[in-house]
Amino acid sequence: MNRIKKLFCEPKEKLIPFFTAGYPKLDSTIKLVCAAADAGADMVEIGIPFSDPQADGPVIQASSQQALDNGMTLNIIFEQIIEIRKKTDVPIALMGYYNPILKMGHETFLNNCVSSGVDGLILPDLPLEEAVPFCELAKEKGISPILLVAPNTPDNRIKNISKLAGDLIYAVSILGITGNDLASKDALSEYLNRVRENSITPFVVGFGIGSREDVIWFNEHSDGAVVGSAIIKNMSSDSNPVQPVKTFIQKLKGTV
Amino acid sequence: MGNQFKNYNLPDERGHFEKFGGKFVPESLIPALEELEQYYTEAKQDESFQDKLNYLLKHYSGRETALYFASQISEELGFNIWLKREDLNHTGAHKINNALGQILLARRMGKKRIIAETGAGQHGVATATVAALFGLECIVYMGEEDIRRQKLNVFRMNLLGAEVRPVSSGSMTLKDATNEAIRDWVTNVESTYYLIGSTVGPHPYPMLVRDFQSVIGAEAKTQFTNQSGHNLPDRLVACIGGGSNAMGLFYPFINNDVKIVGVEAAGKGLESGEHAATLTKGSFGVLHGAASTLLQNDDGQVTLPHSISAGLDYPGIGPEHSYLNESGRVQYFSATDQEALDAFQWLSEKEGILPALESAHALAYLRQNNNGIESDENVIVCLSGRGDKDVHTVAEALGIKL
């Protein structure tokens, strides 16, 4: 059983911080992921930087561009995950746009995921219509494809998406991009109930989540909360980001 | 030409031109694309929709546009050159054909807010124009670099009541304006119609933009027969950025025995690394919602194109062009900045027509030694737009201060 599947068998609050690979410095990610795991992160999401991140708001866009300027590539990400795996067993999902993966090739990319210790994949521009061959291959290799649903995804489609995903899906909290403001709690809980009723897998929620209160609320209405922009915002390239990030994650977990 | 084009019927139901095309977009756009496809399918069969569109094309934009036999340059080159005068359209380019079609769709769908991306500003102007015509809110995303290069078009859009939003991410050109328009659409998908300007993006856009632009080829076909006494031309030529004027000219001829040539922007030269020759130098990839051909590095990061013409300065190309290239139905050539500049002046001096720098690439191909054109061939060239918008760029390139 892969680490993600195992994690979502445990009925506990889950916090999933997001880091852009290679930001703020090329080698920051190893330290940040290990610090996050120490601080109580239940799983981490690592973003593969891309030149044209269409689903991302200004904060993650800028971090992605900085990471590319720092020289980050998919091959370096896999090398860094091998280093991370020597230190922590925290479940890791890679988040990335499809083109760099296509360029590397499905088979090579997935083999690299397996050999470096990646557990899941979040591909925001690979919807159900185009995802089947890639997802089937990923599942064959024991990697969880974490497909996305949105507030305007119809019930039946949520069901089909979760069937293809198999282990976990990711509910985008809003119609929008990362870092946007959240909708009203009423609309959100109605939507998340709909996901709960129709998904055959557990689901996490992301986009616009940034406080301890959010983390509690989303864990009551789903199986875990992803925090991205709020963490990236806490870093800057001119100082050591590890301690502030650690403190912030502890705050989100409610341990300080 | 292979038999597969006798019954050409692409894209398929999933929006694919074999391995190209499709819908590679965030999940929240899927319902919007399905809705758009449904409305478009209905509109296509609705006579009153077609009547409205034809009325506007004729009385608002001034169609049909002329097919002009360019005798001076024909004599010089030794074959017959027919210019399809899309430059004579209202707003000065073919972009209005598509903008009128899509604005009627947007109205049919009840959308009140229109967004668009623009490079050179021609599509932005066309969109601002049709939004003004129907009293709809209009926001145009434009890269800061392009805003600098095309101040005149920015002011035109403002006069038409549109808001031009500067985009400062990435290369600050068309690619980044498109990213920003997609982000806006993801966020405001329920109220907003995204009026894409070329045969790019997720299905059904490449298909519907092609269909709305096909008026170019349909008219040219009839006009050529009437004016030349021949049944069909020997060759079609059009410039390609995203590829909408080219698809518009080519599509009605796709199953005819006619040679078809697309001309990409070779910028400072194919070996310079500074060009926008996507099919010549790019590789298979996914950008802006479709699988097609891309300028990209070994890591799959999209690289920056270059062309003197802002309208061709794009690292991708419409998926149907990728398919027509791979299947061999269309041949793709390229022309450099310098060749386009020369052709710009050549047409101005010989025929009294200032072509858009985009269209000048298609004209430049006519003058290339290895173009394969035989003497006495009949060649239709799409003169996609007029060159008034480019006079500052041309003056700068010629070292003249205005």
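Computed from a predicted model, the values in this text were never measured in an experiment.

1. A short note on the overall build of chain B
Along its length, chain B carries 16 helices and 14 strands. Computed over its C-alpha atoms, the radius of gyration of chain B comes to 19 Å, within 12% of the 21 Å expected for a compact globule of 402 residues. Once the C-alpha set of chain B is aligned to its principal axes, its extents read approximately 55 × 50 × 45 Å. Within chain B, buried positions represent 64% of all 402 residues. Residue pairs at least 24 apart in sequence account for 73% of intrachain contacts in chain B once pairs closer than 6 positions are excluded. In chain B, 35 positive and 50 negative side-chain charges are present, and the distance between their average locations comes to 3 Å.

2. Points about the interface of chain B and chain A
The partner chain A presents 33 residues to the 37 residues of chain B that form the contact. Interface area, chain B with chain A, both sides summed: about 2,800 Å², of which 50% is carbon and sulfur. Counting the surface chain B buries against chain A, the share from its top three residues, Glu27, Arg183 and Gln301 of chain B, is 24%. The tally of links between chain B and chain A comes to 3 salt bridges. In this structure, lysine 175 of chain B and aspartate 52 of chain A form a salt bridge, with 2.8 Å as the shortest nitrogen-oxygen distance. At the level of secondary structure, the elements contributing two or more residues to the side of chain B that touches chain A comprise α1 (30–45), α8 (174–187) and β11 (283–287) of chain B. The leading source of residues in the side of chain B that touches chain A is α8 of chain B, at 8 residues. Tallied by class, the residues present in the side of chain B that touches chain A amount to 13 nonpolar, 13 polar and 11 charged.

3. Things to note about the nonpolar core
One finds Phe19, Leu94 and Phe109 of chain A together with Leu249 of chain B to be the most contacted residues of the largest nonpolar core, which totals 175 residues. It is helix α4 (residues 95–108) of chain B that contributes the most residues to this core, 7 residues altogether. The residues contacting phenylalanine 109 of chain A, other than those within four sequence positions of it, are Ile48, Leu74, Phe78, Leu94, Ile101, Met104, Leu121 and Phe134 of chain A. Core analysis: the next-biggest nonpolar cluster, separate from the first, contains 34 residues, Val263, Ala276, Leu347 and Ile353 of chain B among them.

4. Section: empty space enclosed by the protein
Residues and elements named next belong to chain B. Scanning the entire structure with this criterion turns up 11 cavities of 30 Å³ or more. Looking at the largest cavity, its volume works out to about 390 Å³. Together, 30 residues line the largest cavity, and Lys95, Gly197, Ser198, Gly242 and Gly311 are the ones closest to its centre. The set of elements that each furnish at least two residues to the lining of the largest cavity consists of β5 (113–118), α5 (122–133), α8 and α11 (244–250). By residue class, the composition of the lining of the largest cavity is 9 nonpolar, 17 polar and 4 charged. Each pocket or cavity is described by its volume, and for the second largest cavity that value is around 200 Å³.

5. Digging into the layout of surface pockets
Residue and element names in this part refer to chain B. Taken as a whole, the largest pocket spans an internal volume of roughly 590 Å³. Along the wall of the largest pocket there are 25 residues; nearest its centre are Arg148, Arg149, His392, Thr393 and Glu396. Elements represented by at least two residues in the lining of the largest pocket include exactly α6 (144–149), α7 (151–159) and α16 (391–397). With 5 residues, the single largest contributor to the lining of the largest pocket is α16. Among the residues making up the lining of the largest pocket, the classes are represented as 8 nonpolar, 7 polar and 10 charged.

6. What about the sheet that holds strand β8 (residues 192–194) of chain B?
Residues and elements named next belong to chain B. Pairing is parallel in the open sheet, where 4 strands are placed in the order β7-β6-β5-β8. Bordering the open sheet on either side are β7 (163–167) and β8, each of which pairs with just one other strand. Ignoring which end each strand starts from, the neighbouring axes of this sheet average 25° apart. Pairing analysis gives 6 bridges linking β5 to strand β6 (residues 137–143), with the strands arranged parallel. Bridging from a neighbouring strand, glutamate 117 pairs with tyrosine 141 of β6. Against the sheet, α5 makes contact with β5 and β6, and its axis sits at roughly 165° relative to β5, the strand it touches most.

7. Considering the sheet that holds strand β4 (residues 80–85) of chain B
All names here are of chain B. Here we have 6 strands laid out as an open sheet, ordered β3-β4-β14-β9-β10-β13, and mixed in their pairing. Edge positions in the sheet fall to β3 (67–69) and β13 (331–336), since each has one partner strand and no second. Strand-to-strand twist in this sheet, taken as the mean axis angle between neighbours without regard to direction, amounts to 25°. Alignment of strand β9 (residues 235–239) against strand β10 (residues 259–267), held across 5 bridges, turns out to be parallel.

8. Here we look at the pattern of salt bridges
Once their charged atoms are close, side chains differing in charge can pair, the charge on each being opposite to the other. Under the counting rule described, the total for this entry stands at 44 salt bridges over all chains. With a closest N to O distance of 2.8 Å, glutamate 377 of chain B and arginine 235 of chain B form a salt bridge. Residue glutamate 377 of chain B is found in the loop between α15 (357–366) and β14 (378–383), and its partner arginine 235 of chain B is found in strand β9; the two are separated by 142 residues along the sequence. Just as glutamate 377 of chain B is buried, arginine 235 of chain B falls in that class too. Connected through shared salt-bridge partners, Arg3, Arg85, Asp89 and Asp119 of chain A make up one network.

9. Section: a nonpolar patch on the surface
The grouping of Leu354, Val391, Leu398, Ile400 and Leu402 of chain B at the surface amounts to a nonpolar patch, some 440 Å² of accessible area in total. Following the sequence through the fold, valine 391 of chain B ends up in helix α16.

Conventions used here
Residues numbered from 1 in each chain as written. Chains lettered and ligands numbered in written order. Predicted model: local features only at pLDDT ≥ 70, side-chain atom pairs only at ≥ 80, totals over all residues. Heavy atoms only, no water. Helix = DSSP H or I, 4+ residues; strand = E, 2+ residues; numbered from the N terminus. Rg over C-alpha atoms; globule rule 2.2 N^0.38 Å. Buried < 20%, exposed > 50% of the residue type's maximum accessible area, 1.4 Å probe, protein only. Contact = heavy atoms within 4.5 Å. Lys, Arg positive; Asp, Glu negative; His and termini not counted. Charge placed at Lys NZ, Arg CZ, Asp CG, Glu CD. Buried area = accessible area lost by both parts, 1.4 Å probe. Salt bridge = Lys/Arg side-chain N within 4 Å of Asp/Glu carboxyl O. Nonpolar A, V, L, I, M, F, W, Y, C, P; charged D, E, K, R; others polar. Core = buried A, V, L, I, M, F, W, Y, C linked by side-chain atoms within 4.5 Å. 1 Å grid on protein atoms, 1.4 Å probe; cavity = no way out; pocket = protein on both sides within 12 Å on 5 of 7 lines; lining within 4 Å. Points joined across faces, edges and corners; volume = space filled by probe spheres on them. Pairing = 2+ DSSP bridges. Axes fitted to C-alpha atoms, helices over the stretch in contact; angles between N-to-C directions. Patch = residues over 30% accessible without salt bridge, like charges linked within 9 Å, V, L, I, M, F, W, Y side chains within 5 Å. Areas by Shrake-Rupley, 256 points an atom, 1.4 Å probe, with all protein chains shown as cover.

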